[in-house]
Amino acid sequence: MQSPSWMPWTVLVLDWVIRLGLSARVIMRRLPVPEALAWLVLLLFVPLASGVAYLLVGENRLGRRRLARHEQLTAGIERQAVAVWRRRHVELTRQEEHYRQIARLATAEGGFPPLAGNRLTLIGDSDQMLVELARDIDASTSHCHLLYYIWTMGGKAKIVVEALIRAAGRGVPCRVLVDAVGSKRFLGSEMAERMAAAGVKVVAALPVNPLRMLLARLDLRNHRKIAVIDGRVAYTGSQNLNDSSFGKRRVRRVERWVDATVRLEGPAAQALGVVFLQDWMADSGEDMGPLEKFLAPIEAGRRGGGPSQVVQVVASGPGPTPDAIHQAILTTIYTAQEELLITTPYFVPDEATRRALQSAAMRGVRVTMVVPGRTDHLLVKAASRAHWQDLLECGVRILQFQDGLLHAKVITVDGRIGLVGSANLDMRSFWLNFEVTLLLYDDDFASKLRLLQTGYVERSKEVSLERWRRRRWWWRAIDNTAQLLGPLL
């Protein structure tokens with residue numbers, strides 16, 4: 001039976017009405033101009049599919065039930081933690097001039113103040129990080145809380161699994177939260193079943209299913225990497241729960257994955273613990289009871305003969321603090337006076353970040369950016385290259401790392417301030433993912449970070465402005481086309 005002749009015209013008219021209505025919504029939402037233009041181009045020139053795409057990923061919808069549960073279970077949890085730290089005199093009230101503005105902005109946006117009395121260790125080797133994490137889990141007595149975007153099943157990651165099983169066997173509460181998309185294989189694996197059978201609680205963050213697709217945006221992911229042991233020791237940085245061989249499985253001819261992680265002891269470990277608890281309660285629905293039981297008393301000042309270092313935890317994501325890390329990074333760039341050294345695996349900046357980098361270079365700051373020579377996201381790499389000429393012409397040095405896939409997300413400013421975390425310099429990290437970053441206000445540790453980055457520079461090839469200008473026209477066309485999708489990547 002043939003459909004009436006008027007049916008195709010009805011579908012076309014209905015499609016136009018839907019796309020025009022969505023275009024009006026884009027305009028009324030007052031989005032950043034590049035993102036708004038990208039959506040308007042798609043909606044006005046791509047029939048049928050563009051309307052479906054917008055309904056699926058056009059808005060940062062977490063789902064009403066999840067937001068309500070998050071509000072109910074985590075209301076005021078940051079203020080409770082700050083009150084505990086103030087009673088114990090670990091919150092930093094006197095701030096040095098060179099980081100005062102950054103600290104104030106980060107406190108206002110993220111909720112956590114700078115905390116004194118920490119001891120920091122930089123780990124630039126993925127395998128070493130897993131060994132040390134397993135050792136700390138084996139020494140745990142109170143709780144083990146782990147949150148990772150990707151949890152792999154092979155290689156040295158197994159030693160962390162075995163340590164968790166041993167800890168649960170000793171009666172230590174162990175909670176593991178992994179992203180439902182990034183760790184999909186792990187969640188359905190025998191390894192996850194073994195952990196659950198041993199008493200380790202394993203929960204998927206932001207689960208994906210057909211019902212949720214109608215109520216929430218599916219590509220909002222929990223990209224954080226956090227491990228907290230007993231509220232005394234914590235790990236965070238760029239490394240997922242994987243070893244250095246992860247790169248071989250993700251990208252051809254890449255021998256290893258290169259990450260940077262900070263192990264910290266002190267009050268800042270508890271700030272990371274609070275971030276974990278917020279995510280855990282939102283996804284598990286478990287009421288954790290009084291917060292203070294997860295904030296073990298820690299002697300302020302020197303620990304184990306080590307220095308007392310100032311750390312500020314900044315978490316961001318769709319919801320209460322959507323712009324915290326983005327604003328902290330912008331303020332950091334504008335604070336630079338002499339040198340800005342940036343390591344990022346994915347560079348698809350918004351207009352404000354690109355302008356800030358150009359401005360820094362033009363006012364005499366030595367701006368160096370190290371990116372991977374090979375990457376696991378070709379479209380993102382093309383969108384990134386579209387920005388290079390503008391930066392090179394302003395004096396920004398761009399280097400491509402050659403010794404593996406550089407996944408470290410590190411920024412150092414004037415050798416005095418460091419940033420380490422899970423966030424990339426791209427719009428997905430700024431507004432779509434749940435991320436966490438450490439602001440490290442310590443000259444000695446910033447120097448260690450800078451030394452790590454200098455090692456990356458020595459294993460990189462610099463991009464020449466003259467050669468970049470002589471690229472084939474089709475490469476420029478590909479990059480500029482990919483750039484149009486930058487706000488949506």
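Going by the structure above, here's the rest.
(A) Layout of the overall build of the protein. The secondary structure content of the protein amounts to 21 helices and 19 strands. When each of the 489 residues of the protein is scored for burial, the buried share is 56%. Contacts in the protein between residues at least 24 apart in sequence constitute 81% of all its contacts with a sequence separation of at least 6. Within the structure as shown, the protein displays about 21,600 Å² of accessible surface, and the carbon and sulfur contribution to it stands at 56%.

(B) Region of interest: the environment of Ala168. Relative to the helices and strands, Ala168 is located in helix 8 (residues 158-169). Judged by its relative accessible area of 15%, Ala168 falls in the buried class. Residues Ala168 and Ser140, spaced 28 residues apart in sequence, show a C-alpha to C-alpha distance of 10.0 Å. In this structure Ala168 touches Cys174, Ala198, Gly199 and Val200, once residues within four positions along its chain are discounted.

(C) Seen up close, the pattern of salt bridges. Tallied over the full model, the rule gives 25 salt bridges. Between Arg469 and Glu393 there is a salt bridge, with its nearest N and O atoms 3.3 Å apart. You can see Arg469 sitting in helix 20 (residues 465-469) and its partner Glu393 sitting in helix 17 (residues 388-393), a full 76 residues away along the chain. The exposure class of Arg469 is partly exposed, given its relative accessible area of 39%. On the accessibility criterion, Glu393 (41% relative accessible area) is partly exposed. Salt-bridge contacts for Glu462 lead to Arg397; the nearest nitrogen and oxygen are separated by 3.0 Å.

(D) Molecular detail of the packing of helix 8 against helix 10 (residues 190-198). The interhelical angle for the contact between helix 8 and helix 10, taken along N-to-C directions, is 15°, at an axis separation of 9 Å. On the basis of their axis angle, the class for helix 8 and helix 10 is roughly parallel. Helix-helix and strand crossings are classified by hand; for helix 8 and helix 10 the assignment is left-handed. Here Lys158, Val161, Glu162, Leu164, Ile165 and Ala168 of helix 8 lie close against helix 10, whose contacting residues are Met191, Arg194, Met195 and Ala198.

(E) Seen up close, the packing of aromatic side chains. Taken as a whole and assessed by the stated rule, the structure comprises nine aromatic pairs. A ring pair is formed by Tyr148 and Trp151, whose centres lie 6.2 Å apart and whose planes are at 85°; its orientation type is edge-to-face. The same class applies to Tyr148 and to Trp151, which are both buried. Pairing Phe401 with Tyr456 gives two aromatic rings, centres 5.7 Å apart and planes at 85°, and the pair type is edge-to-face. Pair noted here: Phe401 is in strand 13 (residues 397-401) and Tyr456 is in helix 19 (residues 443-458), with a separation of 55 residues, a long-range link. The class of Tyr456 is buried, set by a relative accessible area of 1%. The rings of Tyr148, Trp151 and Phe186 are connected pair by pair, giving a single aromatic cluster. Between Arg19 and the ring centre of Trp16, over which it is positioned, the NZ or CZ distance is 4.4 Å. For Arg471, the ring lying beneath its charged end belongs to Trp468, and the centroid distance is 4.0 Å.

(F) Broad picture of the pairing of strand 15 (residues 410-413). Of the two faces of strand 15, the one holding Val410 and Thr412 and the one holding Ile411 and Val413 are both buried throughout. Note: strand 10 (residues 339-343) against strand 15, four bridges, orientation antiparallel. Note on strand 15: the bridge partner recorded for Ile342 is Ile411. Of the pairings in the sheet, the one linking strand 15 to strand 16 (residues 417-421) comprises four bridges and is antiparallel in character. Each bridged residue has a counterpart across the sheet, and for Ile411 the counterpart in strand 16 is Leu419. Connecting the antiparallel pair strand 15 and strand 16 is a turn made up of three residues, with Asp414 showing a positive phi of about 55°.

(G) Layout of the nonpolar core. Within the largest apolar cluster, 53 residues are counted, with the highest numbers of intra-cluster contacts made by Leu264, Leu272 and Tyr456. At ten residues, the largest contribution of residues to this core is made by helix 13 (residues 267-284). What Leu264 contacts, discounting residues up to four positions off in sequence, is Arg119, Leu120, Arg232, Val233, Ala234, Ala269, Leu272 and Leu438. In this structure, Leu92, Ala361, Ile411 and Trp468 belong to the second largest nonpolar core, which totals 40 residues.

(H) Inspection of the environment of Thr236 at higher detail. With respect to the secondary-structure elements, Thr236 resides in strand 6 (residues 233-237). The buried category is assigned to Thr236, whose relative accessible area is 2%. For Thr236, the contacting residues outside a window of four places in its chain are Lys225, Ile226, Thr261, Val262, Leu272, Val436 and Leu438. A polar side-chain atom of Thr236 sits 2.7 Å from the main-chain carbonyl oxygen of Lys225.

What counts, and where the lines are drawn
Residues numbered from 1 in each chain as written. Predicted model: local features only at pLDDT ≥ 70, side-chain atom pairs only at ≥ 80, totals over all residues. Heavy atoms only, no water. Helix = DSSP H or I, 4+ residues; strand = E, 2+ residues; numbered from the N terminus. Buried < 20%, exposed > 50% of the residue type's maximum accessible area, 1.4 Å probe, protein only. Contact = heavy atoms within 4.5 Å. Areas by Shrake-Rupley, 256 points an atom, 1.4 Å probe, with all protein chains shown as cover. Salt bridge = Lys/Arg side-chain N within 4 Å of Asp/Glu carboxyl O. Axes fitted to C-alpha atoms, helices over the stretch in contact; angles between N-to-C directions. Parallel < 35°, antiparallel > 145°, perpendicular 65-115°, else oblique. Left-handed = near helix turned anticlockwise from the far one by under 90°. Phe/Tyr/Trp six-rings, centres within 6.5 Å; stacked < 30°, edge-to-face > 60°. Lys NZ or Arg CZ within 6 Å of the ring centre and 35° of its normal. Pairing = 2+ DSSP bridges. Core = buried A, V, L, I, M, F, W, Y, C linked by side-chain atoms within 4.5 Å. Polar contact = N/O pair within 3.5 Å; in protein donor to acceptor, adjacent residues only side chain to side chain.

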